[in-house]
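# Descriptive analysis of the structure
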Amino acid sequence: MRVILADDSVLLREGLTRLLADAGHDVVAAVGDGQALLEAIAENPPDVAVIDVRMPPAHTDEGLRAALEIRTRHPGVGLLVLSQYVEKTYAARLLAGDAEGLGYLLKDRISEVADFLDALERIRAGGTAFDPEVVRQLLTRTIHTDPLSRLSPRETEVLRHLAQGYVNTAIAERLHVSLSTVEKHINSLIDKLELPRDSGYSRRVLAILRYLDNQEPSATSM
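The structure presented is a predicted model; accordingly, all values stated were derived computationally and were not measured.

## Considering the pairing of strand β3 (residues 48-52)
Counting buried positions along β3 gives 5 out of 5 residues, so the element sits mostly inside the fold. Residues of β3 alternate between two faces, with Val-48, Val-50 and Asp-52 on one and Ala-49 and Ile-51 on the opposite face, all of them buried. Judged from the 5 bridges that link them, β3 and strand β4 (residues 78-83) form a sheet pairing that is parallel. Pairing of Ile-51 across the sheet is with Val-81, part of β4. A crossover connection joins β3 to the parallel β4 through helix α3 (residues 62-73); in handedness this β-α-β unit is right-handed.

In structure tokens:
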């Protein structure tokens, strides 16, 4: 896997570079600000870019704004956003539309090396990797009847695989069913969850977030 790292902490960049190299991946660039990140990706697009939320000059949301720009300019580049906190506005914008090849993890998650590397692999393959805390802050748990209870066992199983970052073809293989069957289950479970059609967000992503929000932290941790 070819990776570009963007974080203003030299120690973190060096640590991640060594970690990824030991895992057999190639860090093609390691930069410390959003502009350098955009230039590095324009020159040599990676499979995945790992981006810190706060970078110079203002140390606020430069990384997230760079990620949004990369999403527009280089849609084939997977994005893993790292943060010590959840910036709801930009996180929601990242989740708008197609969420394939996208992840948002809190930095504490990096200490779980195997899980961090697995998240990168899923993102490169077009999957997703969302931190449970991000999910909890983006979705408010409903006080009404849990709509997940309306799903059939197979629909729940399909949704669980979606939440783990598997694409439709991989779900079909794992469940030993046809691709069209998986697609029908997804359409059905989205309808049963009564997700808004005009929210500006991908209903598939909202279904994944609804599922993750319903899990205990220990079950949703990567």
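There's more to say after this.
## Quick notes on the packing of helix α7 (residues 153-163) against helix α8 (residues 168-175)
Each pair of packed helices can be described by the angle between their axes along with the distance between the axes. Close contact between α7 and α8 brings their axes to 10 Å; oriented N to C, the two are set at 130°. On the basis of their axis angle, the class for α7 and α8 is oblique. α8 is crossed by α7, and the crossing has right-handed handedness. Contacts between α7 and α8 pair Arg-154, Glu-157, Val-158, His-161 and Leu-162 from the former with Asn-168, Ile-171, Arg-174 and Leu-175 from the latter.

## So, the side chain of His-185
Topologically, His-185 is positioned in helix α9 (residues 179-192). For His-185, a relative accessible area of 19% corresponds to the buried category. Not counting residues within four places of it along the chain, the set of residues in contact with His-185 comprises Arg-154, Glu-155 and Val-158.

## Overview of the pattern of salt bridges
A complete count under the given rule lists 9 salt bridges for this structure. Two residues, Glu-121 and Arg-124, come together in a salt bridge whose shortest N-O distance is 2.9 Å. Here the residue Glu-121 and the residue Arg-124 both occupy positions in helix α5 (residues 113-124), the gap between them amounting to 3 residues, near one helical turn. Assessed through its relative accessible area of 40%, Arg-124 is described here as partly exposed.

## Here we look at the pairing of strand β2 (residues 26-31)
Note: strand β1 (residues 2-6) against β2, 5 bridges, orientation parallel. In the sheet register, Ala-6 faces β2, and the bridge partner there is Val-31. The handedness of the β1 to β2 crossover, carried by helix α1 (residues 10-22), is right-handed.

## Some details on the nonpolar core
Judged by nonpolar contacts, the single largest core of 49 residues is most densely connected at Leu-37, Ile-51 and Leu-159. With 7 residues, the top contributor of residues to this core is helix α10 (residues 203-213). Each residue touching Ile-51, except ones within four places of it in the same chain, is listed here: Ala-6, Leu-37, Gly-63, Ala-67, Ile-70, Leu-79, Leu-80, Val-81 and Leu-82. Leu-5, Leu-82, Phe-116 and Leu-117 belong to the second-largest nonpolar core, a separate cluster that totals 19 residues.

## As for the sheet that holds β1
Spatial ordering of the open sheet is given by β2-β1-β3-β4-β5-β6, a layout of 6 strands whose pairing is parallel. Two strands bound the open sheet, and with one partner strand each, they are β2 and β6 (128-130). Here the strands of the sheet are splayed against their neighbours by 20° on average, with no regard to which way each runs. Where β4 and strand β5 (residues 102-106) come together, 5 bridges link them in parallel fashion. Residue pairing for β5: Leu-79 is matched across the bridge by Leu-102. Its contacts with the sheet put α3 on β3, β4 and β5, and the angle it makes with β4 is roughly 170°.

## Regarding α7
Those residues of α7 that fall on the buried side of the exposure criterion are Glu-155, Val-158, Leu-159, His-161, Leu-162 and Ala-163. A positive phi of about 100° marks Gly-165, the residue just after α7.

## A closer look at the packing of helix α2 (residues 34-43) against α3
Running from N to C, α2 and α3 point in directions that differ by 20°, and their axes come no closer than 9 Å. Judged by the inter-axis angle, α2 sits roughly parallel to α3. Here the hand of the crossing between α2 and α3 comes out right-handed. From α2, Gly-34, Leu-37, Leu-38 and Ile-41 reach across to α3, where they touch Ala-66, Glu-69 and Ile-70. In terms of residue class, the contact of α2 with α3 is built from 5 nonpolar, 1 polar and 1 charged.

Parameters and conventions
- Residues numbered from 1 in each chain as written.
- Predicted model: local features only at pLDDT ≥ 70, side-chain atom pairs only at ≥ 80, totals over all residues.
- Heavy atoms only, no water.
- Buried < 20%, exposed > 50% of the residue type's maximum accessible area, 1.4 Å probe, protein only.
- Helix = DSSP H or I, 4+ residues; strand = E, 2+ residues; numbered from the N terminus.
- Pairing = 2+ DSSP bridges.
- Right-handed = clockwise from strand over helix to strand, strands pointing away.
- Axes fitted to C-alpha atoms, helices over the stretch in contact; angles between N-to-C directions.
- Parallel < 35°, antiparallel > 145°, perpendicular 65-115°, else oblique.
- Left-handed = near helix turned anticlockwise from the far one by under 90°.
- Contact = heavy atoms within 4.5 Å.
- Salt bridge = Lys/Arg side-chain N within 4 Å of Asp/Glu carboxyl O.
- Core = buried A, V, L, I, M, F, W, Y, C linked by side-chain atoms within 4.5 Å.
- Nonpolar A, V, L, I, M, F, W, Y, C, P; charged D, E, K, R; others polar.

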